Amino acid sequence: MDSDHQFHQALEDISGVEDATKRQSKYQEFILRAIQNEDIESCKSYVDHVLSESVPLVMSRALITNLSECMPSLPKELQQVLSQFVIERIQPRAVSYEEPLMKMCEYLSELFQQQEEWSEAANTLARIDLESGMRVVDSGYKLGKYVKIAALYLEDGNITLADMYIKKASSLLTTTNDQSLIFQYQSCYARILDTKRKFTEASARYYDLSTFESTIDSQERLQALELSIKCAILAAAGPQRSRLLSTLYKDERSALTPLYSMLEKVFLERLLSSEDVEAFSKSLSKNHVDTETADGSTALDMAVIQHNLEACSKLYSNITVASLADLLHISRDRTQDIVATMIGEGRLPAEIDHVEDLVVFHVTQSKSSNNHVEEALRLADKALTMAKSKGLIQ
């Protein structure tokens with residue numbers, strides 16, 4: 001109690017100094033000593049005093065800002081305790097302390113990020129009022145913060161809040177030319193789509209990232225290309241997926257990735273073996289192999305079933321449902337359900353003959369044949385270029 005009384009008396013004495021400059025200087029000396037002594041109780045008393053009516057608002061703001069600049073001298077655990085205390089005390093008067101509150105929230109969020117407490121880090125940043133009518137907030141700053149909050153929630157697995165904040169960021173995208181910030185936004189948005197298992201959209205977004213401005217590190221672009229390939233392979237079979245696969249297969253950089261063999265088989269509509277699938281699954285994230293449906297299927301399981309079903313449509317004019325189920329390694333009823341769904345969604349040109357228990361594939365222009373022709377032409381062009389470079393032909 002005696003020490004507590006001494007703190008209050010010392011602060012009251014400082015508040016009685018008439019010269020404002022000297023008074024502010026003495027406050028700064030007080031908090032500096034408290035921080036050097038790692039005296040957290042003195043620091044808390046200081047915060048309560050500085051936020052009281054005894055200290056003019058302008059000086060109070062400056063002193064809280066000064067406190068945030070001094071805090072790195074404290075041990076990490078005390079920095080967190082004091083930051084949380086300051087934010088709790090300021091929050092009821094946030095309108096008067098917007099700038100100091102913003103700095104303190106950024107500081108505390110960084111501490112949480114260092115501890116990988118992603119939800120706390122996101123919640124802390126979200127306390128910053130970015131839509132304040134009391135001050136002008138730079139649109140680039142707002143965009144950056146919305147993207148950061150979305151990324152932190154995504155890291156924590158909270159897709160709903162991540163999606164909400166990335167949508168807030170999207171409305172600000174046209175207000176900046178900062179390529180690094182735009183890349184962060186596009187990357188976060190692609191990851192959200194990927195996590196939501198919207199693989200077709202995610203693949204397209206990742207591919208856009210892989211062709212981004214040259215100011216972005218080439219390794220990051222190559223990683224984005226790999227993610228685009230993964231998502232394209234996992235995407236639901238159909239025309240959109242086929243276009244993505246074609247784009248990726250024709251991109252010469254794809255051959256530099258460890259996924260090229262799988263990409264080639266999928267693009268050329270070859271049946272995938274269990275060995276192909278197992279090797280590919282080792283490159284996937286938890287989200288890609290997590291259980292997705294009530295029957296225990298994963299995103300990878302469904303993608304492989306639909307791909308092999310599409311491949312079968314190029315090999316057979318018709319096939320019994322039972323034989324097709326054997327080829328797909330799933331039950332007869334499930335095979336019929338998947339075929340019916342793909343037909344209904346316009347992703348499989350076929351019909352089910354219930355009388356004969358057949359799946360009849362409609363004759364269309366063979367994309368598989370076209371793919372083989374394209375591949376032959378591509379290899380021929382590559383061989384021609386190599387021969388010219390070696391002077392074998394003119």
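Everything discussed here concerns the structure shown above.
Per chain, residues are indexed from 1 in the order of the written sequence. Since the coordinates come from a predicted model, pLDDT governs what is reported: local features require at least 70, and pairs of side-chain atoms require 80 or more to be given and counted, while whole-chain, interface and lining totals use all residues. Where side-chain values are given, they derive from all heavy atoms of the structure, hydrogens and water being excluded.

### Looking at the overall build of the protein chain
So, point 1. Per the convention used, a helix needs a DSSP run of H or I reaching at least four residues, while a strand needs a run of E reaching at least two, with both numbered from the N terminus. For the protein chain, the helix and strand inventory stands at 20 helices and three strands.
So, point 2. Throughout, exposure labels follow a simple rule: accessible area from a 1.4 Å probe, protein chains only, divided by the maximum for the residue type, with under 20% read as buried, over 50% as exposed, and the rest as partly exposed. By the burial criterion, 45% of the 394 residues in the protein chain qualify as buried.
So, point 3. The contact criterion used throughout is that any non-hydrogen atoms of two residues lie within 4.5 Å. When contacts within the protein chain are restricted to residue pairs at least 6 apart in sequence, long-range pairs at least 24 apart make up 58% of them.
So, point 4. Here the open area of atoms and residues is found with the Shrake-Rupley method and a 1.4 Å probe, where only the protein chains shown may cover a residue. Carbon and sulfur atoms make up 50% of the accessible area of the protein chain, which totals about 20400 Å².

### Focus on the packing of helix α3 (residues 40–50) against helix α4 (residues 57–70)
So, point 1. A fitted line through C-alpha atoms serves as each axis, taken over the contacting stretch for helices, and the angle formed by two N-to-C directions is quoted from 0 to 180°. Interaxial distance between α3 and α4 falls to 10 Å at its minimum, and their mutual angle equals 155°. Taken together, the axes of α3 and α4 lie roughly antiparallel to each other. Handedness of the crossing formed by α3 with α4: left-handed. For the pair α3 and α4, contact is made by Tyr46, Val47 and Val50 and by Ser60, Leu63, Ile64 and Leu67, respectively. Each angle gets one of four labels, with under 35 degrees taken as roughly parallel, over 145 as roughly antiparallel, 65 to 115 as roughly perpendicular, and the rest as oblique. Whether a crossing is left-handed or right-handed is set by the direction in which the near helix is turned from the far one by less than a right angle, anticlockwise for left-handed and clockwise for right-handed.

### Thoughts on the packing of helix α17 (residues 299–315) against helix α19 (residues 332–344)
So, point 1. Where α17 meets α19, the closest approach of the two axes is 11 Å, and the angle between their N-to-C directions is 75°. The orientation of α17 relative to α19 falls into the category roughly perpendicular. Contacts between α17 and α19 involve Met302, Ile305, Gln306 and Leu309 from the former and Arg334, Ile338, Val339 and Met342 from the latter.
So, point 2. Following the grouping adopted for this structure description, the nonpolar residues are Ala, Val, Leu, Ile, Met, Phe, Trp, Tyr, Cys and Pro, the charged ones are Asp, Glu, Lys and Arg, and the polar ones are all others, Gly among them. Its residues assigned to classes, the contact of α17 with α19 shows six nonpolar, one polar and one charged.

### A look at the environment of Leu234
So, point 1. Its place among the elements puts Leu234 in helix α12 (residues 218–234).
So, point 2. Along the chain, Leu234 and Ala299 lie 65 residues apart, while their C-alpha atoms are 6.6 Å from each other.
So, point 3. Leu234 has contacts with Phe199, Phe280, Leu284, His288, Ala299, Leu300 and Ala303, leaving out every residue within four places of it along the chain.

### Quick notes on the layout of surface pockets
So, point 1. Residues are called lining when one of their atoms sits within 4 Å of a cavity or pocket point, these points coming from a 1 Å grid over the protein atoms alone, where a cavity is a set in which a 1.4 Å probe fits but cannot get out and a pocket is an open set with protein on both sides within 12 Å along at least five of seven lines. Grid points are joined across faces, edges and corners, and a volume is the space filled by probe spheres set on the points. Quantified by volume, the largest pocket comes out at close to 450 Å³.
So, point 2. Surrounding the largest pocket, 20 residues form its lining, Ser187, Arg191, Asp194, Tyr206 and Leu227 being those nearest its centre.
So, point 3. For the lining of the largest pocket, the secondary structure elements donating two or more residues are α10 (179–195), α11 (199–210), α12 and α16 (286–289).
So, point 4. When residues of the lining of the largest pocket are assigned to their parent elements, the largest contribution, six residues, is made by α12.
So, point 5. Quantified by volume, the second largest pocket comes out at close to 270 Å³.
So, point 6. What lines the second largest pocket is a set of 16 residues, and nearest its centre among them are Asp301, Val304, Ile305, Leu328 and His329.
So, point 7. No other element matches the five residues that α17 contributes to the lining of the second largest pocket.
So, point 8. Considering only residue class, the lining of the second largest pocket consists of eight nonpolar, five polar and three charged.

### A closer look at the pattern of salt bridges
So, point 1. By definition here, a salt bridge exists when the distance from a side-chain nitrogen of Lys or Arg to a carboxyl oxygen of Asp or Glu is within 4 Å. The full count for this structure, using the stated rule, is twelve salt bridges.
So, point 2. Arg253 is the salt-bridge partner of Asp251, the closest N and O atoms lying 2.8 Å from each other.
So, point 3. On the accessibility criterion, Asp251 (13% relative accessible area) is buried.
So, point 4. A salt bridge links Asp333 to Arg332, with the nearest nitrogen and oxygen atoms 3.6 Å apart.
So, point 5. By relative accessible area, which is 54% here, Asp333 ends up exposed.
So, point 6. In this structure, a network of salt bridges that share partners links the residues Asp163, Lys167 and Lys196.

### Let's talk about helix α9 (residues 159–170)
Within an α-helix, residues lying three or four positions from one another point in the same direction, as the helix has 3.6 residues per turn.
So, point 1. Relative to the 16 Å expected for twelve residues at 1.5 Å per residue, α9 spans 16 Å between its end C-alpha atoms, a close match to the ideal helical length.
So, point 2. Within α9 the residues assigned to the buried category are Ile159, Ala162, Asp163, Tyr165, Ile166 and Ala169.
So, point 3. Here the buried face of α9 lies against α7 (118–126), α8 (139–156) and α10. A helix's residues, less one, multiplied by 1.5 Å, set its expected span.

### Describing unusual backbone geometry
So, point 1. The backbone of Arg197 sits at a positive phi, close to 65°, despite the residue not being glycine.
So, point 2. In the Ramachandran plot, Glu269 falls in the positive-phi region, its phi being about 60° despite a non-glycine side chain.
So, point 3. You can see Glu269 is positioned in the loop between α14 (260–267) and α15 (274–281).
So, point 4. By relative accessible area, which is 8% here, Glu269 ends up buried.

### Let's talk about the nonpolar core
So, point 1. Tyr27, Tyr46, Leu67, Leu82, Val86, Ile166 and Phe280 are the most contacted members of the largest nonpolar core, which has 100 residues in total.
So, point 2. Considering each element in turn, this core owes the most residues, nine residues, to α10.
So, point 3. Residue contacts for Phe280: discarding those within four places in its chain leaves Lys230, Ile233, Leu234, Leu259, Met262 and Leu300.
So, point 4. In this structure, Ile319, Val321, Ile330 and Val339 belong to the second largest nonpolar core, which totals 17 residues. Here, nonpolar core means buried Ala, Val, Leu, Ile, Met, Phe, Trp, Tyr and Cys residues that are tied together by side-chain atoms lying within 4.5 Å of each other.

### A few points about the pairing of strand β2 (residues 350–353)
So, point 1. Burial of the side chains of β2 is restricted to one face: Ala350 and Ile352 are buried, whereas none of Glu351 and Asp353 on the reverse face is.
So, point 2. Relative to strand β3 (residues 358–361), β2 runs antiparallel, the two being bridged by four bridges. Across the sheet, Glu351 pairs through a bridge with Val360, a residue of β3.
So, point 3. With antiparallel pairing between neighbouring strands as the criterion, β2 and β3 make up a hairpin whose turn holds four residues, including Asp357 at a positive phi of roughly 60°. If DSSP finds at least two bridges between two strands, the strands pair.

### Details of the environment of Leu328
So, point 1. Counting through the fold element by element, Leu328 comes out in helix α18 (residues 321–328).
So, point 2. Taking the relative accessible area as the measure of exposure, Leu328 reaches 8% and is therefore buried.
So, point 3. Distance in space between the C-alpha atoms of Leu328 and Cys312 is 9.5 Å, their sequence separation being 16 residues.
So, point 4. The residues touching Leu328, leaving out its near neighbours within four places in the chain, are Ile305, Asn308, Leu309 and Thr335.

None of this, on its own, says anything about what the molecule does.
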